Amino acid sequence: MQVYIIIGTKENVYQDTIDGEFLPHPDKEIVRVFSSGEQARQFVANSKLDKPTRKTYGDTSYYRGGYYDMEIENHTID
């Protein structure tokens, strides 16, 4: 059985040390899982924002949920 996993990447910009630079720390998480590749592609297309939203300290979201990137991974389950 094939499953399609949507992986979303958040930017998470913060300081490692007090008075240090604000640096991006990418964080990936599973957003959704589909049994159909077409449904997975449609979900990613529908999640794309018309206009990117910029948050405090440089976080910019291009997808709903605060993600700046989404990718589809294909896995086989026995």
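See the structure above.
Just so we're clear, the structure is a prediction, and the values are computed from it rather than from any experiment.

### Brief notes about unusual backbone geometry
Stage number 1. In this model, D19 sits at a positive phi of 65°, which is unusual for a non-glycine residue.
Stage number 2. Topologically, D19 is positioned in the loop between β2 (13–15) and β3 (22–24).

### Examining the pattern of salt bridges
Stage number 1. Tallied over the full model, the rule gives 2 salt bridges.
Stage number 2. Here K28 makes a salt bridge to E71, at a shortest N to O gap of 3.4 Å. Remark: E71 occurs in strand β7 (residues 69–76) and K28 occurs in strand β4 (residues 27–34); sequence separation between them is 43 residues.
Stage number 3. Relative accessible area serves as the criterion here: at 53%, K28 is assigned to the exposed category.

### Some remarks on helix α1 (residues 37–47)
Stage number 1. Three or more residues of α1 are buried, namely G37, A40, F43, V44 and S47. Looking down the long axis of α1, one finds its buried residues gathered within 125° of arc, a one-sided arrangement.
Stage number 2. Where α1 is buried, its residues touch β1 (2–10), β4, β5 (48–54), β6 (60–63) and β7.

### Some words on the environment of F34
Stage number 1. Inspection of the secondary structure puts F34 in strand β4.
Stage number 2. Residues F34 and Y4, spaced 30 residues apart in sequence, show a C-alpha to C-alpha distance of 5.0 Å.
Stage number 3. The contacts of F34, once residues within four sequence positions are left out, are V3, Y4, I6, Q39, A40 and F43.

### A few points about the sheet that holds β7
Stage number 1. One open sheet holds the 3 strands; their spatial order is β4-β1-β7, and the pairing between them is antiparallel. Of all the strands in the sheet, just β4 and β7 have a single pairing partner and so form its edges. Within the sheet, the average angular offset between the axes of one strand and its neighbour, ignoring direction, is 30°.
Stage number 2. Of the strand pairs in this sheet, β1 and β7 are connected by 8 bridges, and their pairing is antiparallel. Within β7, the residue paired with I7 across the bridge is E71.
Stage number 3. Taken strand by strand, α1 contacts β1, β4 and β7, and its axis lies near 170° from that of β7.

### Observations regarding the packing of aromatic side chains
The way to describe two aromatic rings as a pair is by their centre distance and the angle between their planes.
Stage number 1. Scanning all chains against the criterion turns up 1 aromatic pair.
Stage number 2. Between F34 and F43, the aromatic rings sit 5.6 Å apart at their centres with planes inclined by 50°, giving tilted as the arrangement.

Procedures and definitions
Residues numbered from 1 in each chain as written. Predicted model: local features only at pLDDT ≥ 70, side-chain atom pairs only at ≥ 80, totals over all residues. Heavy atoms only, no water. Helix = DSSP H or I, 4+ residues; strand = E, 2+ residues; numbered from the N terminus. Salt bridge = Lys/Arg side-chain N within 4 Å of Asp/Glu carboxyl O. Buried < 20%, exposed > 50% of the residue type's maximum accessible area, 1.4 Å probe, protein only. Arc of directions from axis to C-beta. Contact = heavy atoms within 4.5 Å. Pairing = 2+ DSSP bridges. Axes fitted to C-alpha atoms, helices over the stretch in contact; angles between N-to-C directions. Phe/Tyr/Trp six-rings, centres within 6.5 Å; stacked < 30°, edge-to-face > 60°.

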